[in-house]
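What follows is the residue order along each chain.
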Amino acid sequence: MKVVNLKQAILQAWKERWSDYQWAINMKKFFPKGATWDILNLADALLEQAMIGPSPNPLILSYLKYAISSQFDDFSRDLCVQALLDIMDMFCDRLSCHGKAEECIGLCRALLSALHWLLRCTAASAEWLREGLEAGTPAAGEKQLAMCLQRLEKTLSSTKNRALLHIAKLEEASSWTAIEHSLLKLGEILANLSNPQLRSQAEQCGTLIRSIPTMLSVHAEQMHKTGFPTVHAVILLEGTMNLTGETQSLVEQLTMVKRMQHIPTPLFVLEIWKACFVGLIESPEGTEELKWTAFTFLKIPQVLVKLKKYFHGDKDFTEDVNCAFEFLLKLTPLLDKADQRCNCDCTNFLLQECGKQGLLSEASVNNLMTKRKADREHAPQQKSGENANIQPNIQLILRAEPTVTNILKTMDADHSKSPEGLLGVLGHMLSGKSLDLLLAAAAATGKLKSFARKFINLNEFTTYGSEESTKPASVRALLFDISFLMLCHVAQTYGSEVILSESRSGAEVPFFETWMQTCMPEEGKILNPDHPCFRPDSTKVESLVALLNNSSEMKLVQMKWHEACLSISAAILEILNAWENGVLAFESIQKITDNIKGKVCSLAVCAVAWLVAHVRMLGLDEREKSLQMIRQLAGPLFSENTLQFYNERVAIMNSILERMCVEVLQQTATQIKFPSTGVDTMPYWNLLPPKRPIKEVLTDIFAKVLEKGSIHIFDTLLHMGGVYWFGNNLIKELLKETRKEHTLRAVELLYSIFCLDMQQVTLVLLGHILPGLLTDSSKWHSLMDPPGTALAKLAVWCALSSYSSHKGQASTRQKKRHREDIEDYISLFPLDDVQPSKLMRLLSSNEDDANVLSSPTDRSMSSSLSASQLHTVNMRDPLNRVLANLFLLISSILGSRTAGPHTQFVQWFMEECVDCLEQGGRGSVLQFLPFTTVSELVKVSAMSSPKVILAITDLSLPLGRQVAAKAIAAL
C-alpha cells in the first residue's frame, strides 16, 4: 500500500463527507486489522490534509473514532499511540462545526469518545511507567504519560470543549459513566507514582472532568459586600405582616434571594439575625412586640433548619451558623440595645434555641455564650427598679409554645361534659396578655389555623341550647361570646384567611365564617349595609328590638346567639330610625346599648360592624347619630349584674371595635375615645396624610426609604392606588436615579416592597411596563445605564420569584387585599402583528392541541417555538402568558436591525437571567425563550460564551441540546 493512495482516499472522504460506515468500508482495502504502520500513515495523511485550508473537524474526529475503535485497545504500540496523540494535539483546542445540528451533536459524541480513549490511554501509560520504574526503565512510559496528560489538559482547559462534553454527557449517560470509571481507575494508579508534577497535572485534569456536570451551578459569591438590604427587608416584612405564613414559602423566598445575589451563607444568616434584632428593638410595645419575639425565637430557627437542606450538609451549615454568630457578637451596640428593650440576654436565648434545633453544637453554644457574657459586663445597666421583676417576653413566649399544644388537646374534649372546666381555661387565656402570647406562639409554630378551627367548632356548639336552666345558659353564652371575640381578634391581628376552612362541597359553612366574610369590616373590604346578610327574618328582628327596648337586661335561656348576631344589624337600623325621627329619646338609646353590651360583647361587635358599613354610605351631615351610637356601644358599662370575665371580654371588644372603625373615622375626621383597658391598639394603621395626593406621598416615602425608613406605609399605598399605579410610579422613581450605587440600593428595596404582592406586581411589570418601555422609542433613553441595568435586574428578580412560587399559595398579606382585575391576561394582544393568529395559536396550543408541538422533528422549527411548549406548560396561566409574550418581544428586538438602549437593555436582562439561574432547564423562566433566539443572542459579544448558551437553552430536551451544540460549535 502506498501512502499517496491513503492521502487520496482521505481527500475523497472529505470532499464527499463520508459517514463512519462509508469510512470503515473504504479503509479496509488500505490496511488490514492489526497493521501498525498503516495507522502512522493515516496519522501522517490526516495531519498533512489538515494543513490544506479549513478542515471539517467533525469528520476528523469521526475518522479518528473509527481508528480508535477498530485498532487501539492495545496501548502497548507506543508509536501508534503517539501518532494519534499528535492528531489530537492538532484539533483539541480549536474544534468548530458550521454544519447541521445533527452534525454538531455528532461532534459532541465524538469528543466524548476521544476523551474516554485518552483517559484509558493515560491510565495504560501510567501503568507502563509504574512497571518501568520497577524494572529500572521509566523513560519511555514517562514520556507517553506526559504526552497524554498534556493532551488531556489542552482539551479540558477549553470552556467550549467542556460545554460540548456537557451536552454529550446528557446525550449518552452510559458513556459518561464509563469516563467516571476510567477517571477513578487513573486516580488509583497515579496515587502510587512518585512524580509530583505528573500527579498534580492529572489531579487538575480530573477536577476539570468532574466539574463538567456542574459547570453551570458555579457562581462567585459576594465576599466584598457585608450588607444585604433585600434579606433584611424580606425578614422585616415577614415578621411584621406575615407571622402566620408557611415556613416553606419563606424558606423558598430567602433561598431565591441568596441565589440571585450570590450571598455567602454566613453573611446570609447574619443578615437574618440582624433583621430580627432590629425588629425586636423597633416593634411597638404590646402585640407587635410579642409577634416579633415569637418570630425571632420560634419561627426563624425552624426556617434555618429547612434552609440547611438547601445549602450544605449538616456539618457545613452548622459551621456557617457558628460563623454568623461570631460576626453577630461583634455588633455589640445592636445586641446591647436589644437586651435593654427585651430586659434579658437575647443572644443567650437565641443560642439555646439554635442548640435545641441542631443548628449549633453544644461546644459552639457554650463558647458563644461565654463571649457574649464577657461583653455584657461592659454594657450599660440593663435593669431598672421598676422592670427588674418583670418576666421577659422571650421567656413568656417560649413557655407559651407547649401551653398552646395543651390547650388544643383540651379543646378536643367533649364540650357538653364539662363546659365549666373549659370556661375556666378560656377565662385564664383572657387575662392580661395571655391571649396575645398564646396566639403569637401558635402563629409562629404553624398552629394558629388549628387553634382557630377549635374555636369555630366551640362557637358552633354554643349557638343554641334547648331545655336549659339559667346556669348552663350563662356558661353557654360565655363560651359563645369568648369564642366569637377570640376569632374576631385573630382575624384582625393575623388575617381572616387563618379563620377560613378549606372549601368542601356540600359542607355547611360555620356561622362565624359566614358572618366574617359578609359582615365584618376589614382593610380594603367595602360592605353593603343593605346586603341580605344584614336583613334577616323580620319577625326575629321585631322580637329582638322589643327585647332590647323593653327588658331590663338581655335574656340568656334558650337564646339562639347566631340568630341574635345576624338580627342585630336590622334591629339597630330600626332603633336608629326611631331615634332620628324623635320616637326614641337619648336615654332610651343608652338603655338599649347597655342591653346590647351588658351580657355578651359579641352583639356589640356585630352592631358596630353594621354601623361602620352604614356610616360609609351617609353624607357628612347625616352621620352624627350613627357615630354617637358607636360611642355608646364602645363606652364602659358600670353594672354589677354582668357575666363572668366581663372586664376581660370588654377589653378585647374595644380592641376589635377600634380596628373596625379606624378607616371610617379617618374618612369622617371623627374621633372616638375607646376605653383604655390594657389591650394595645393596632400599631400599623399606616394611615395616609389627609388632603395630600398619594403620588406625592409615594415619591416622598420612597426617597426616605432609600436613606432610612419604614416600608410599612407602602402596603396602604398599594391598596389605595392599585397594582398598576403602584408599580408604574415606583419604576418611574427608579429610572430617575443616575448614580449606580443608588440604583442598586433602589433595586434591593423595590424588590422587598414588591414582595407585598409579588405575583400581581410582576404581571404588571412584565406584561405592561416593560413592553411599553421597549416598544416606545421616545422612552428608550430612560433605559440607559445605570437605571436600565437596575430595571433589568429588578425585572429578572421579580420574574424568578413569582415563577418559582406562583403554583404555591399566596401569603396571608397578599390574600387579604382586595384584588382588582387589572386585565384578563388570556386576551393579551400578540406582540407580532404580522402573524397574530399564528402567535395566538402557539400561546394557547397547550390546552387546545398539545400534540401539535410534541414532535419538533416532524416539521421545521417555528420562529416562536420554545421549550415551554414542548413541556406543555399551561399558556392560559397569566404569568406564563406574560413571560411568553415578553420573550417573544425580546426575540423580535434581537432579530431587528435597529440598535439602541432597548437592545442593550435586552442584553442586561438576559445576562441577569443567566447570572441568577443555575441552568435554563425545565421550570425556569428561560424555557419561554424561543429556540431561534439563541443564534441571535450569540451575535452579541457579551453573550457569545459556551456557558451562556448552555444556561439559556433547555438541555433536558433533545431539541434544546441540538440548538446548544450548534451554537457552541460555531463559536
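Cut-offs and rules
Residues numbered from 1 in each chain as written. Predicted model: local features only at pLDDT ≥ 70, side-chain atom pairs only at ≥ 80, totals over all residues. Heavy atoms only, no water. Helix = DSSP H or I, 4+ residues; strand = E, 2+ residues; numbered from the N terminus. Buried < 20%, exposed > 50% of the residue type's maximum accessible area, 1.4 Å probe, protein only. Contact = heavy atoms within 4.5 Å. Areas by Shrake-Rupley, 256 points an atom, 1.4 Å probe, with all protein chains shown as cover. Axes fitted to C-alpha atoms, helices over the stretch in contact; angles between N-to-C directions. Parallel < 35°, antiparallel > 145°, perpendicular 65-115°, else oblique. Left-handed = near helix turned anticlockwise from the far one by under 90°. Nonpolar A, V, L, I, M, F, W, Y, C, P; charged D, E, K, R; others polar. Expected span 1.5 Å × (residues − 1). Salt bridge = Lys/Arg side-chain N within 4 Å of Asp/Glu carboxyl O. 1 Å grid on protein atoms, 1.4 Å probe; cavity = no way out; pocket = protein on both sides within 12 Å on 5 of 7 lines; lining within 4 Å. Points joined across faces, edges and corners; volume = space filled by probe spheres on them. pLDDT = per-residue confidence, 0-100. Phe/Tyr/Trp six-rings, centres within 6.5 Å; stacked < 30°, edge-to-face > 60°. Lys NZ or Arg CZ within 6 Å of the ring centre and 35° of its normal.

Moving on, we come to the overall build of the chain. Counting its regular elements, the chain contains 44 helices and zero strands. Looking at the chain as a whole, 55% of its 971 residues are labelled buried. Long-range pairs, those at least 24 residues apart, make up 79% of the contacts in the chain between residues at least 6 apart in sequence. When the accessible surface of the chain is summed, it comes to about 41500 Å², and 51% of that surface belongs to carbon and sulfur atoms.

With that settled, consider the packing of helix H33 (residues 723-736) against helix H36 (residues 787-805). Here H33 crosses H36 at 140°, and the two axes come no closer than 8 Å. The angle between H33 and H36 falls in the class oblique. Every pair of crossing elements has a handedness; the one defined by H33 and H36 is right-handed. Between H33, through Ile731, Leu734 and Leu735, and H36, the contact on the second element is made entirely by Pro787, Ala790, Leu791 and Leu794. Among the residues making up the contact of H33 with H36, the classes are represented as seven nonpolar, no polar and no charged.

Looking now at helix H20 (residues 419-430). With twelve residues, H20 extends 17 Å between its outermost C-alpha atoms, agreeing within 8% with the 16 Å of an ideal straight helix rising 1.5 Å per residue. Positive backbone phi, approximately 55°, marks Gly432, located one or two places after H20.

Turning to the pattern of salt bridges, a few remarks are in order. Inspection of every chain in the model, using the stated rule, returns 18 salt bridges. The shortest N-O distance in the salt bridge between Arg109 and Glu171 comes to 2.7 Å. In this pair, Arg109 sits in helix H6 (residues 101-135) while Glu171 sits in helix H8 (residues 159-171), placing the two residues 62 residues apart along the sequence. For Lys291, the salt bridge goes to Glu288, with nearest N and O atoms at 3.3 Å. Of this pair, Lys291 and Glu288 both sit in helix H14 (residues 287-311), three residues apart, which is roughly one turn of that helix. Salt bridges here are not isolated pairs; linked through shared partners, they connect Asp336, Asp339, Asp345, Arg372 and Arg376.

What follows is about empty space enclosed by the protein. Tallied over the entire structure, the rule returns four cavities of 30 Å³ or more. Looking at the second largest cavity, it is lined by eleven residues, and the ones nearest its centre are Leu926, Leu929, Ile952, Thr953 and Asp954.

Attention now moves to the confidence of the model for the chain. When the pLDDT values of the chain are averaged, the result is 77; 75% of them are 70 or greater. Note on residues 30-41: pLDDT is under 50 here. Beyond four places in sequence and across chains, it has 30 contacts. Counting interchain partners and residues more than four positions distant, the pLDDT-below-50 stretch residues 47-56 has 13 contacts.

Attention now moves to the packing of helix H32 (residues 713-721) against H33. Between H32 and H33, the shortest axis-to-axis distance is 6 Å and the interhelical angle comes to 125°. The pairing of H32 with H33 is recorded here as oblique in orientation. Counting all contacts with H32, which are made through Phe714, Leu717, Leu718 and Gly721, the residues of H33 involved are Val723, Trp725, Phe726 and Leu730. Tallied by class, the residues present in the contact of H32 with H33 amount to seven nonpolar, one polar and no charged.

With the rule as written, the count across this model stands at 16 aromatic pairs. Aromatic pair Phe451 and Phe455: ring centres 5.3 Å apart, planes at 50°, arrangement tilted. Separated by four residues within a single helix, Phe451 and Phe455 lie in helix H22 (residues 448-461), roughly one turn from each other. Pair check on accessibility: Phe451 and Phe455 agree, each one buried. Geometrically, the ring pair formed by Phe480 and Trp561 is stacked, given 6.3 Å between the ring centres and 20° between the ring planes. Here Phe480 is found in helix H23 (residues 470-494), whereas its partner Trp561 is found in helix H26 (residues 561-580), with 81 residues between them in sequence. Across the pair, Trp561 and Phe480 agree in class, each one buried. Connected via pairs of aromatic rings, a cluster forms that spans Phe480, Phe484, Phe511, Phe512, Trp515 and Trp561. Taking NZ or CZ as reference, Lys291 lies 5.0 Å from the ring centre of Tyr494, over its face.

This paragraph deals with unusual backbone geometry. Note: most residues except glycine have negative phi, and most peptide bonds are trans. The step from Asp785 to Pro786 runs through a cis peptide bond, and the omega angle for that step is 10°. Along the chain, Pro786 turns up in the loop between helix H35 (758-775) and H36. Backbone geometry places His262, a non-glycine residue, at a positive phi of 55°. Checked against the element boundaries, His262 lands in the loop between helix H12 (247-261) and helix H13 (265-282). Overall, His262 belongs to the buried group, its relative accessible area being 11%. Residues other than glycine seldom take positive phi values, yet Phe645 does so here, at roughly 60°. Here Phe645 is to be found in the loop between helix H29 (624-634) and helix H30 (646-668).

A few words now on the environment of Ile592. Within the fold, Ile592 resides in helix H27 (residues 586-598). Assessed through its relative accessible area of 2%, Ile592 is described here as buried. Separated by 46 residues in sequence, Ile592 and Ala546 have C-alpha atoms that sit 9.9 Å apart. What Ile592 contacts, discounting residues up to four positions off in sequence, is Leu548, Asn549, Ile575 and Leu584.

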